[in-house]
Structure formats: structure tokens, C-alpha cells
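# Summary of the model geometry
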Amino acid sequence: MSDSNAKLSDKLKHLNRATESGEQAGGNRASLLLIARVVLSGLLCFAVPALSLESPVSVILLICAGLVCGADLIVDGVVRVTREEYFNRNVIVTLIFVVSFIVGVGYEGALLMILIRVGELLSGYVDRRVRESVTDLTGLAFETANVVRRGQITETWLDEVQAGDEIAVAPGEYFPLDCIVLDGTSTVDTSLITGKARPVPVTAGDTVLAGSANLTGAVRCEVISEGTSTASEILKRLNAPQPERQHPVERLFTPALILVSFVFALILAVSGRTDAYEAVHRALALFTLSSALPAFSGVKNIRYAARAGAASRGAVFSGDEALLRTEQCGTVIFSAEGTLTAGYQKVVGLQSNRMDSQTLLKIAAHAVAYSRDPSANAIIQAYGGPIYIELVQDFVEIPNCGVKVTFDGVPVVLGTAALMAAAGNPMPLQEDADNAVLFLTIGREIAGTITLADPIRKSCTTIRSALEQQGVTQTAFSTSYGNTTAEQISQKSGITTYRANCGDDGKLQFIADAKPDAVGNLLYLCDRKRYSGGHSAAELDAVLGCSPVDAGVTADIYLPGAKASALCSALSAAHGARRMCNVSEGILFAVKAVLIALAAFGVTTVWFSAFVETAVSLIIRAFSVQAFFERPFAGMAKTLKQTHTS
């Protein structure tokens, strides 16, 4: 890049940041303007009793107070009427405002406008604080990285860091970007991303995800992603706009209470118990409570906090819809490889009558030194010694069969029984068809066998009971392995329903076959290597060992850590959110019922009903951060006490 282009690029990057700052400043200016309007409206309302103003001056001032504070609400209400959206909140507020002046209680109409605006300001502030608090607690908010250039460490904006740049991460700092360790050794806490509680040792060549904490040693790393990382993608998904969900009660409650308000006013007026103006006044108080349950919008913060809490424990939801479907999950089907098993081969058996096991492994490891087959890594890791590449010559690999090489001048063949038969050395059939048995020949004589298998995870023994605690009543698995290995997985996991000898298509068919008899929503869990990238027939698809930044993956739940138990964190977050939403909605319904009763007896007023609803809505919004920790409301006092003590 030329100097002029480089300067232009720098200007564009700084312009982008300036634009973002400008958008934030614009939002702040809008809030300040609204505050000014509320203050001016309040002063106009206060002037009426303070100066003992009479009608028509008092009415004019109150109308001006209402218009200053809520003219845009009234305009929107009129537009909604033209669209036949008669039960919209702004339509109802506009009608209450107009009728309040007609029946002589314009003061309440003006106060209603002011309270609605105050409620919007306070709700917006609480919403922002909740989101900021949750984001800070996840440890995923990064703006800069310490970039190493020409031996000097410079703090650099993340959008200026490119793939291939070298960064330095000191002990106590977070890794701001996905990277590969180049120099140094350390211990890394990946719990915020993967949910793994144990620190992980890292050294040169290891990959570290953004959001991991460096605990012990200083390291230098090469950035492997540009502009996006696991941490940034998680934040992006957490803060992405979610589709508006209408509460089921809203479809019936609002029109029903509006109808009741009209009928109630008519009955009072006809019965002669009150005059027409008082009847309409009481009806307006009821009418205020019909405004589409605005306090229920606070429950979206509960779901947001629950998703953020799950992300900090290694389970990332694609959005609120995935969280809602997970609440109803009662059936889980595993793709066994990589979830119930390790997902990779491991040497489990060696047999030779000519040499010791270490010598057998040494020859085999050199034979597969150039191989890309997964079994090659397993053999090399089992050997654990140095590889002398100069001793390996004439390397030939037959895919899915084996290799032929010359090792230290001697012809060596390592492969399957089929390869041996093709080379003129037929081998006996193995009884255990689930395990891969490789034969090693030196010259034309059999030297020994190496048996590889996919180990069953230790966590496999507890996963079923852990899921049952989260309300999952049905579990099953499918596997490409044969009946012998499937039976072993079943015995260790306690999952009795399974299907063996399944390829990718067979596993998807198993899900489709199980869906009609599934309890609740069906969730399919597989690892990244065996995920096709699209959705299966299940209501939910979860991918193990995969982060949202991975290209070509459209899952409902991402589990970046290599442990299936993180699925329990996702289920726990979903159930915790449902419980807290139910409690919140119960409180709101109770308050609404009390206010309706007070309005019917003429005890309350329009502005008081709006005030109480706003207060309860703010409390629910503030409580939503509890969903991050999966704590019930009862634990709030204890938490505050501990925080104050510390």
C-alpha cells in the first residue's frame, strides 16, 4: 500500500470511530432534549397551582405542557388510527389526553404525558446500565490490543489490527483477538468463552480465543482473525436487535379493558350514582391501565441477561428465539462422536512378537510422518519421541488405507487389512470391527498391529443425569460406529436409545424418526467436524467445539468449549429466564389487578395509575441482571449485602 493510500485508510478508520462516537453523541443529545422537554412541561404544570391560574389560561398552559412533552406521541397516535391500529399505546394515550380536557381533568392528562416520558427516560437508562453491566461481567468488551512493531509495543485500536500482526499479552490481561502463541508459555483461563473451569496451559503453536484471560506468563501471539473474533461475535449476537414479541395477553387484555371502561362509565352514568363527568373520569383511570401492558417490555432484559450469562459459561444462543425454544426442550439426541466420545482416534492396543512396543511405535510414527490422516496424529502422539525426517524416503499414501515408505533403507508398510491383502499379505479378520486395526510390515514380514479407537469421554457417565436435572426426560444418540462401541457408550452413559452404523444421512434420518415421539422441543447436539452447517429436523441444533465466528455454521446454540456439559448451562439459563419472567409477569398482573380495583371505586387517578406501572416496570428491569447469575429474586438482598461488605 502506498503512503497516500495508507493515510487514507487511517483517515477512514478514524472516521468510522468518529461516526460511532457521533451516533452515541446524537443519542445523548436526543435524551438531553427530551429531559429539557419534560422539565419545561413540569414547570408549566407547576405554574397552574403555584400562580392560582384560572380557566382558560390554566387549560391553555396544561395543553401546552402536554404538547411540549408528548406532541410526537400524539402525532404517532393519529397516524396509527389512520392505519387502523386502534389498540396501540400512543392511540390510547392520545385519546386519554383529549378526553381528560373534555371532562375537566386536563391536569391529569398533562401529568400522564410527563410520566410516560419520564418512564421512557428511566427505562432507557436502566436498560443501558443493565446491558453495560452484563457486557462488563462477561469480560468481552475490548477496544485495543498491544501490537508489537519493530520491537516496540504500541496500544492500537482493534480495527487497526490485522491478521498476521503480532500482539503482546501480559499476565492479568485478556486476549483481545483470536490468536496463535508464537513465544512464551502461560496458563490461560478460557471459562468466559468455553465454560471450562480449569486453567489451560498454552505454549508456542497453541490457539487462544479472544476473551480468554492470561494468568501466569507473558506471551507474544500472531493474530489469526481480522475485524472479528469469538468475543466480538458473541457481543454482536448479544446486542443484535431482537424481533418484537407481542405478549399473548396483549391481544385480548387491551381491547377487553377498553370495552369494560366504556361499559363501566355507561353503567355509572345511567345508574345515577355519579354524574357523567365522574363516570368518565373513572373510566379514564381504567383506560390508562389498558395500554398494552407496557411494563411487560421489561422481560426482554431478563432474556438478554440470561443469554449473556449463558455465554459467560460457554453456551452462546443465536438469539431470543433460540432461548425461548430451549425453555421447552425435553428431548436431546447426541451425535456420539465428539460429544459422548473424544471425537478423535487414540492408540489403545499394541501387539508384536518381534519388538517392544516403543520400537513398534517409533517405526510407525516415522512411517506416517507425512500423512494427513487423523490416525497419524494419534500414532505420533502415542510415540512421543523425536521424528527424524531424513530417515523417511519414498513416501506414498493410499487414502483410507495406509502408507508405504522406506524407513532407514528398509521398506515399511502400515495400513489396513485391505491394503495388506492388496500387497500380497492377507491378514486375519478382526473380531472387533469398531476399532481400527493397522498392520505394520517390515520388508514382507508382519511386525505387529496397532489398534486405534475413539475413547469414550469420562463426562459421558454424568451427562444424562445432568440433563434430567434440567428437565430433559428423553435422551438418545446415533453413531457411525458399530454395535459393540454403541453398546459400550450406552452402558457408560445410561442412554438406552440409540442407532448404530449411521452415516451423516442416517443420523439426520434418526432425528426425523424420533421427532414425532419427542417430549417438548427436540435438540440435536453434534461436534463441529460432523455438523453439515445447516439445520436438521430438530427444533434446536447445538454445535460443540464451534464459535459463532466460524463460517458456514447456522446453529441455534454454539458451545465453543469441547465439553457437552456446557449444554446444561444453556438449559439452565433458559429455565432460569422462564422462571424470572413468570415471577415478573405475576407481579405485574397483581399490580394491574389492584390498580383496576382502585380505579373502579374511584380511589385512583389517571396519573397515579401510570406512575405505579412505571415504577414496577423499572423495578423489573433492574432485577433482570439477576438472570445473568441465574439467581432468584430472593437472593438479591443477600447479594447486595455481600457486595456492600466487600
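Further up the page is the structure itself.
Structure report, in brief. As the structure is a prediction and not an experimental result, all values here were calculated from the model. (Residues numbered from 1 in each chain as written. Predicted model: local features only at pLDDT ≥ 70, side-chain atom pairs only at ≥ 80, totals over all residues. Heavy atoms only, no water.)

What follows deals with the nonpolar core. Among the nonpolar cores identified, the biggest contains 83 residues, and Phe334, Leu340, Leu467, Leu523 and Leu525 are the most heavily contacted of them. It is helix H17 (residues 566-600) that provides the largest number of residues to this core, a total of 12 residues. Listed in part, the 29 residues of the second largest apolar core include Leu62, Leu111, Met113 and Ile114. (Core = buried A, V, L, I, M, F, W, Y, C linked by side-chain atoms within 4.5 Å. Buried < 20%, exposed > 50% of the residue type's maximum accessible area, 1.4 Å probe, protein only. Helix = DSSP H or I, 4+ residues; strand = E, 2+ residues; numbered from the N terminus.)

Orientation of helix H3 (residues 89-102) relative to helix H8 (residues 276-288), taken along the N-to-C sense of each, is 160°, at an axis distance of 11 Å. Between H3 and H8, the angle is such that the two are roughly antiparallel. Crossing hand, H3 versus H8: left-handed. Facing Ile92, Leu95, Ile96, Val99, Ser100 and Ile102 of H3, the residues of H8 in contact are Tyr277, Val280, Leu284, Phe287 and Thr288. (Axes fitted to C-alpha atoms, helices over the stretch in contact; angles between N-to-C directions. Parallel < 35°, antiparallel > 145°, perpendicular 65-115°, else oblique. Left-handed = near helix turned anticlockwise from the far one by under 90°. Contact = heavy atoms within 4.5 Å.)

With respect to the helices, strands and loops of the structure, Gly415 is situated in strand E15 (residues 410-415). Gly415 gets classed as buried once you look at its relative accessible area, which sits at 0%. Sequence separation between Gly415 and Thr449 is 34 residues, and the spatial gap between their C-alpha atoms is 9.4 Å. With residues up to four places along the chain from it excluded, the contact list for Gly415 reads Cys401, Gly402, Met420, Val437, Leu438 and Phe439.

Moving on, we come to H8. If you check H8, its first and last C-alpha atoms are 18 Å apart, about what 13 residues at 1.5 Å a residue would give, namely 18 Å. Among all positions in H8, only Ala279, His281, Arg282, Ala283, Leu284, Ala285, Leu286, Phe287 and Thr288 are buried. (Expected span 1.5 Å × (residues − 1).)

To continue, consider unusual backbone geometry. Following Ser55, the chain continues into Pro56 via a peptide bond in cis, with omega recorded as 10°. Take Pro56: it is sitting in the loop between helix H1 (3-50) and helix H2 (57-82). The backbone of Glu84 shows a phi angle near 65°, a positive value even though the residue is not glycine. Inspection of the secondary structure assignment puts Glu84 in the loop between H2 and H3. Look at Arg150: it is not a glycine, yet its phi comes out positive at around 55°. The class for Arg150 is exposed, based on a relative accessible area of 88%.

None of the figures reported here should be taken as evidence of function without further support.
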